[in-house]
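Residue strings, one per chain:
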Amino acid sequence: MILEQSLPNYLPRILFLPTVRCKESSLCYWNPYWMLPSDVCGMNCFWEAAFRYSLKTQPVEKMHLAVVACGERLEETLTMLKSALIFSIKPLHFHIFAEDQLHDSFKDQLDSWSFVQGFNYTLYPITFPSDSAVEWKKLFKPCASQRLFLPLILKEVDSLLYVDTDILFLRPVDDIWSLLKKFNSTQVAAMAPEHEEPRIGWYNRFARHPYYGETGVNSGVMLMNMTRMRRKYFKNDMTTVRLRWGDILIPLLKKYKLNITWGDQDLLNIMFFHNPESLFVFPCQWNYRPDHCIYGSNCREAEEEGIFILHGNRGVYHDDKQPAFRAVYEALRNCSFEDDSVSSLLEPLKLELEKTVHTYCGKIYKVFIKQLTKSIRNRYGRPPKER
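What counts and what doesn't
- All residue numbers here refer to positions counted from 1 along the written sequence of the relevant chain.
- The model is predicted, so local features are restricted to residues of pLDDT at least 70 and side-chain atom pairs to those at 80 or more, both for listing and for counting; the totals for chains, interfaces and linings are taken over all residues.
- As a rule here, side-chain values come from all non-hydrogen atoms in the structure, and water together with hydrogens is ignored.
- UniProt positions are given in the numbering used here, feature names are shortened, and annotations may be inferred rather than shown by experiment.
- Every definition here rests on a 1 Å grid over the protein atoms only: cavities are sets of points where a 1.4 Å probe fits but cannot get out, pockets are open sets enclosed by protein on both sides within 12 Å along at least five of seven lines, and lining residues have some atom within 4 Å of a point.
- Grid points are joined across faces, edges and corners, and a volume is the space filled by probe spheres set on the points.
- Helix and strand assignments follow DSSP, with helices taken as H or I runs no shorter than four residues and strands as E runs no shorter than two, numbered in order from the N terminus.
- Two strands pair if DSSP finds at least two bridges between them.
- Whenever a helix is involved, its axis is fitted only over the stretch in contact; in every case the axis is a line through C-alpha atoms, and angles between N-to-C directions fall within 0 to 180 degrees.
- Only protein chains enter the accessibility calculation, which uses a 1.4 Å probe; a residue whose area is less than 20% of its type maximum is buried, one above 50% is exposed, and one in between is partly exposed.
- Salt bridge, as used here: a side-chain nitrogen of Lys or Arg that lies within 4 Å of a carboxyl oxygen of Asp or Glu.
- Multiplying 1.5 Å by the residue count of a helix minus one yields the expected span of that helix.
- As used here, the arc is the angular range of directions from the helix axis to the C-beta atoms.
- Note on contacts: a residue pair qualifies if any of its non-hydrogen atoms lie within 4.5 Å across the two residues.

Going by an unreviewed UniProt entry, the chain carries the name Glucoside xylosyltransferase 1 and comes from Jaculus jaculus. Of the chain, the UniProt comment under Sequence similarities (unreviewed entry) reads exactly: "Belongs to the glycosyltransferase 8 family." According to the UniProt record, the Function (unreviewed entry) comment for the chain is "Glycosyltransferase which elongates the O-linked glucose attached to EGF-like repeats in the extracellular domain of Notch proteins by catalyzing the addition of xylose."

A.B. asks: Before we go on, may I ask you to explain the layout of surface pockets in this structure?
C.D. replies: Rolling a probe over the atoms, with the probe sized like a water molecule, indicates the empty space that remains. If you add up the space inside the second largest pocket, you get close to 270 Å³. Around the second largest pocket sit 16 residues that line it, and Leu85, Ser88, Val116, Gln117 and Arg379 are the ones nearest its centre. Counting residues per element, the ones that place at least two in the lining of the second largest pocket are helix H2 (74-87) and helix H16 (366-380). At 3 residues, the largest contribution of residues to the lining of the second largest pocket is made by H2.

A.B. asks: Hey, could you run me through the sheet that holds strand S6 (residues 189-193) in this one?
C.D. replies: Sheet strands line up and pair through hydrogen bonds in the backbone, either parallel or antiparallel. One open sheet accounts for 7 strands, arranged S3-S2-S1-S4-S7-S6-S10; its pairing is mixed. The open sheet has two free edges, formed respectively by strand S3 (119-124) and strand S10 (279-281), since each of these has just one partner strand. Each adjacent strand pair in this sheet contributes to an overall mean axis angle of 25°, direction not counted. With 4 bridges connecting them, S6 and strand S7 (residues 217-225) associate as antiparallel partners.

A.B. asks: What should I look at first to understand the pairing of strand S2 (residues 92-98) in this one?
C.D. replies: Side-chain direction in a regular strand flips from residue to residue, so the side chains alternate between the two faces of the sheet. Burial analysis of S2 places 7 of its 7 residues in the buried class, which makes it a mostly covered element. By the alternation rule, side chains of S2 split into Leu92, Phe94, Ile96 and Ala98 and His93, His95 and Phe97, which are all buried. Sheet topology places strand S1 (residues 63-69) next to S2; 7 bridges connect them, and they run parallel. Paired with Val68 across the two strands is Phe97, which belongs to S2.

A.B. asks: Explain the pattern of salt bridges to me, please; I cannot follow it from the model alone.
C.D. replies: Pairing between side chains becomes possible if they bear opposite charge and their charged atoms approach one another. Evaluation of the coordinates by the stated rule reveals 18 salt bridges. A salt bridge links Asp291 to Arg314; the nearest nitrogen and oxygen atoms lie 2.5 Å apart. Of this pair, Asp291 sits in the loop between S10 and helix H11 (300-305) while Arg314 sits in the loop between strand S11 (309-311) and helix H12 (323-334), placing them 23 residues apart in sequence. What makes Asp291 buried here is its relative accessible area of 7%. Glu352 serves as the salt-bridge partner of Lys355, at 3.0 Å between the closest nitrogen and oxygen.

A.B. asks: What's the story with helix H9 (residues 245-256) in this structure? I'm lost.
C.D. replies: In an α-helix, one turn spans 3.6 residues; hence positions three or four apart end up facing the same way. Over its 12 residues, H9 extends 17 Å from the first C-alpha to the last, a length consistent with the 16 Å expected when each residue adds 1.5 Å. The set of residues buried in H9 consists of Trp245, Ile248, Leu249, Leu252, Leu253 and Tyr256. Seen end-on, H9 carries its buried residues on one side only, within an arc spanning 130°. Its buried side turned inward, H9 meets helix H4 (133-138), helix H5 (150-153), helix H8 (226-231), strand S8 (233-234), strand S9 (243-244) and helix H10 (264-274).

What follows is the structure in structure tokens.
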């Protein structure tokens, strides 16, 4: 006899018939009136239903990551994609928008990664609306504004993580992807503040246009619920009528093109200034830039937990101005996908970072490897020296 007290109260009492009525096997299907044949035991149905449910293959969520690459950004972009693959758990789909002359190089390299499980990619040309393509190309950098049109181009993609080419993931993409679940009902996108310290902030000192919050936001790492973005009607200062994403971009450019310095990022700041309820703001450790340490440490979250995503803007991966950033970039660029290669990069990287203590960023070099150490340990086990 199965004790009723040992199973949930909401299950029908028919499940608790004496086991003597059960056959060794039975074939049970859901009956809306819960009327079983007299020779079929309810307990059999219960366990068979549970077994069939466990066999159902739940679709694995795929994470979508987009990047826009122009000019001499091939190697930098590939290093970013590698850092995403090294630590992430769920499958990744890369949406790569690149100039035509870069497509073959991307294809050759990414196809050579075919032994790496859990990713695929799509290459796209750089495209802008035909009636304003020249203006969009001239805005800031040649193809940077492409990101503004991603919700309109990738119409079948629900959510997307956009990153600049100079991004390095120091923990799984899964972790920032999970922030989508923290959006409230009005939020359509997430970005980090441009600055934590207003005294060195750019927007609050120099901007000639509206911007989000106290110091603006940085668009180098932008998490988007694009379904919501396509559906939302945005408030604006051009008309009393709210406009959808596809209708607001060109009027916004025409009004502010003489007043913006950072191109598409400035346009996003203007948009979320008028729609602050639509933005989820995540901490600086998700978009850690030289500004967070160049004049002294001002990202408290990174000091406590380490850097989650490193953003080497200002070209710091390729010059000697911020050697701590360059050391991390070169370590990940030179690392292969083999487990031992990843797990053994920490010790040489630490030695390189110790050489950078003459800089403000180098003085706090431990924030560069704190989270990286955890990510390697969680994904690949203990580093060789600890085994």
